[in-house]
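Here's the letter readout for the chains.
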Amino acid sequence: MILVAGCGYLGARIAALLHDAGTQVTGLTHSPESAHHLAEGVPWRVEPCDISDAAAVTSLAQNLGATYVRCVVHCASSGRGGAGEYRRVYVDGVRNLSAAFQNARIVFTSSTSVYSQTDGSVVTETDAALPEKETGRLLVEAEDAALRTGGVVARLAGIYGPGRWFVLRNLLEGKAAIEGGEGEGRVLNQIHREDAASAIVHLVSKKTGGVFNVVDDMPMTQRACLEKLAARFGMPVPPAVPPNPERKRGWTSKRVTNTKLRATGWQPRFASCFDALDGDGELVSSILAQIAAESPDVLPRRRNVVLIGLMGSGKSTVGRMVAAKLGFDFVDTDQIVTQTARCSIPQIFEREGEAAFRSRESAALRSLLHREHCVVATGGGIVTQPRNNPVLRHLGYIVWLDAGVATLHRRTAGGHDRPLLKADDPKAKLQRLLEERGPLYTRLADLRITTDDLSQDETAYGVAESVRLHFGSQL
Ligand code: S3P
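Just so it is clear, the model here is predicted, and its values are computed rather than measured.

Novice: Would you mind going over the packing of aromatic side chains with me for this structure?
Specialist: Any two aromatic rings considered together are summarised by their centre-to-centre distance and by the angle between their planes. For the structure shown, the criterion picks out six aromatic pairs. Measuring from ring centre to ring centre gives 5.0 Å for Y86 and Y90, while their planes differ by 70°; the resulting arrangement is edge-to-face. Of this pair, Y86 and Y90 are both found in helix α4 (residues 83-100), four residues apart, which corresponds to roughly one turn of the helix. The class of Y90 is buried, set by a relative accessible area of 5%. Members of the aromatic cluster, joined through ring pairs, are Y86, Y90 and F108. Here the guanidinium or amino end of K228 rests over the ring plane of F274, the centre of that ring lying 4.3 Å away. The aromatic ring of F212 is capped on one face by K260, whose charged end is 4.4 Å from the ring centroid.

Novice: It is not clear to me how the nonpolar core should be interpreted in this structure. Could you clarify?
Specialist: For soluble globular proteins, nonpolar side chains are generally found buried alongside one another. Judged by nonpolar contacts, the single largest core of 71 residues is most densely connected at L3, I14, V73, L97 and F101. Looking at this core, the element that brings in the most residues is α4, giving seven residues. Apart from residues no more than four positions distant in its own chain, F101 is found in contact with L3, V57, L60, A61, L64, A66, V69 and V72. Core analysis: the next-biggest nonpolar cluster, separate from the first, contains 64 residues, I291, I345, I398 and V405 among them.

Novice: Before we go on, may I ask you to explain the side chain of K429 in this structure?
Specialist: Following the sequence through the fold, K429 ends up in helix α18 (residues 426-444). Notably, K429 is buried but unbridged: the nearest opposite-charge side chain belongs to E354, and the N-O separation is 6.7 Å. In this view, K429 contacts L420, L421 and A423; residues no more than four positions away in its chain are not counted.

Novice: When you look at the site of the ligand in this model, what are you seeing that I'm missing?
Specialist: In the neighbourhood of the ligand, 14 residues make up the surrounding shell, with K315, D334, R358, R418 and R437 lying closest. In the model, an oxygen atom of the ligand is placed 2.6 Å from a nitrogen or oxygen of the R437 side chain. Tallying contributions element by element places helix α15 (residues 354-366) first for the shell around the ligand, with three residues. Here the residues of the shell around the ligand are counted per class, giving five nonpolar, three polar and six charged.

Novice: Explain the pattern of salt bridges to me, please; I cannot follow it from the model alone.
Specialist: Any two side chains of opposite charge can pair, given that their charged atoms come close. Enumeration over the complete set of coordinates arrives at 24 salt bridges. For E141, the salt bridge goes to R87, with nearest N and O atoms at 3.3 Å. Of this pair, E141 sits in helix α5 (residues 134-148) while R87 sits in helix α4, placing them 54 residues apart in sequence. A relative accessible area of 28% places E141 in the partly exposed class. For R87, a relative accessible area of 36% translates into the label partly exposed. Shared partners join several salt bridges into a network, and the residues in it are R169, E173, K175 and E294.

Novice: What am I meant to see in the sheet that holds strand β18 (residues 374-377) here?
Specialist: Spatially, β17-β18-β16-β19-β20 is the arrangement adopted by the five strands of the open sheet, whose pairing is parallel. A single partner strand is all that each edge strand has here, and the edge strands are β17 (329-332) and β20 (447-450). Sheet twist, expressed as the average angle between the axes of neighbouring strands with direction ignored, equals 20°. The pairing of β17 with β18 spans four bridges and is parallel. Across the sheet, the residue bridging to V331 is V376, located in β18.

Cut-offs applied
- Residue indices begin from 1 for each chain and proceed along its sequence in written order.
- Confidence filtering applies because this is a predicted model: local features only for residues at pLDDT of at least 70, side-chain atom pairs given and counted only at 80 or more, and all residues used for totals across whole chains, interfaces and linings.
- The basis for the side-chain values is all heavy atoms of the structure; hydrogens and waters are excluded.
- Geometry of aromatic contacts follows a simple scheme: Phe, Tyr and Trp rings, the Trp one being its six-membered ring, pair when their centres are within 6.5 Å, and the pair is stacked under 30 degrees between planes, edge-to-face over 60, tilted otherwise.
- Secondary structure counts use DSSP, requiring at least four H or I residues in a row for a helix and at least two E residues in a row for a strand, with both numbered from the N terminus.
- With a 1.4 Å probe rolled over the protein chains alone, any residue whose accessible area is under 20% of its type maximum counts as buried; one over 50% counts as exposed, and the rest are partly exposed.
- A positively charged side chain is recorded as over a ring if its NZ (Lys) or CZ (Arg) lies within 6 Å of the ring centre. The angle to the ring normal must also be within 35 degrees.
- Put simply, a nonpolar core is a bunch of buried Ala, Val, Leu, Ile, Met, Phe, Trp, Tyr and Cys residues held in one set by side-chain atoms that sit within 4.5 Å of each other.
- By the convention used here, residues are in contact when the closest approach between their heavy atoms is within 4.5 Å.
- When charges are counted, Lys and Arg are positive and Asp and Glu negative, with His and the chain ends excluded.
- We define a salt bridge as a side-chain nitrogen of Lys or Arg found within 4 Å of a carboxyl oxygen belonging to Asp or Glu.
- Proximity is defined per residue: if any heavy atom of the residue lies within 4 Å of a molecule or strand, that residue is considered near it.
- Pairs of N or O atoms are called polar contacts if they sit within 3.5 Å, as long as, within protein, a hydrogen donor faces a hydrogen acceptor (for residues adjacent in sequence, only side-chain-to-side-chain pairs).
- Classes in brief: Ala, Val, Leu, Ile, Met, Phe, Trp, Tyr, Cys and Pro nonpolar; Asp, Glu, Lys and Arg charged; the others, Gly included, polar.
- In this scheme, strands are said to pair when DSSP sees at least two bridges between them.
- Axis definition: a line fit to C-alpha positions, over the contact stretch in the case of helices; interaxial angles, taken between N-to-C directions, run 0 to 180 degrees.

Next up, the structure:
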């Protein structure tokens, strides 16, 4: 059995990966309430245990049968706490767990913040880890306790992933800054949560102990990262500010390498956060959703028009006319998909399946996040993927071109480029799609126009005038 002590953002993912691989896992959380809450949503065993309490850990070991536990992953976090909390969770936590589970290998998740270098130099596991702040020194004390038992220390870079990426969130909320260092800012060392979890699972399976840095392949300066992100999202590059000496874990700047870990056979799925931006379909949308839910006023929707609606509703034809009326550009997500894939939509459906088409479609949508003054025609099924909703909303003013099944059928009859209508009874298929998607279009749309009795020009006029009203002088 493997214990995962601390089932937060990273620990829960580690436990899930171990469980999915067929390993018996018990996750520990600090209180009975959190254990109860967590146990409702996960298939692995969960136990409450305050690891800073020696007696609690001893009694847990008795209940579980300490000899069956072959590895303990310490993944608990000190939350927002200061030095006192660090000592309790990290130093006492490691000591208590290693004393109670003497047959188990300890894998302690530490942090690259223990390296105090400020000169941007390359840092490996053999370089000095001499943190300036007391919190950092306590992490090193906990590391030493784990290493003395023959355990593993994983020094994790800044973890980001779905629902959590401070660099992007701060940029979008206008709070980001390039901190000192001759305008380049400090070097950011990051790791996607999936890669952090896979690295820990990899280290659990290895027999060796020692220190390993867990970081992606491309540490980069804040300036490089923020400039590139700003370009992707059509945001201004944040200002440079002096270094903040109050940072909890100290102000540092160094390029931490993963060479040692890579040499043991692990490799990250996302070489850099920009690979994750492209490859992790949930990343951007989860951050946009978070901002929309928690502080909707700080990130205004962009000045674009997004057309949604079923196949045959006129998104492409009307969209071009609206663009001409407003002096906007016109883009079509279907077209981006076919250009990127270099084949037609029926071919993508046939060769890769609908799910692959949907992830290509989401990527096409995300690629538009820097655009302004655009009419975006979307594929009829774009609303079926919840991850697209925050992106659609952020992109601009959403218009649903609605029409009855008879109209849609008439307009799509004879076409060969829509795999979903290759059904025996396309009309019935359209009826079903309208029933399924109607509520989704309704929820998302700022404006719904029923087009059955309108000419294309009339529809385009209606859309363009509503857009003018909506954006007013901002246009
Ligand atoms: C689809 C609609 C199509 C295209 C694909 C799937 C759908 O776009 O994305 O064939 O699921 O409704 P149009 O709505 O532009 O025809």
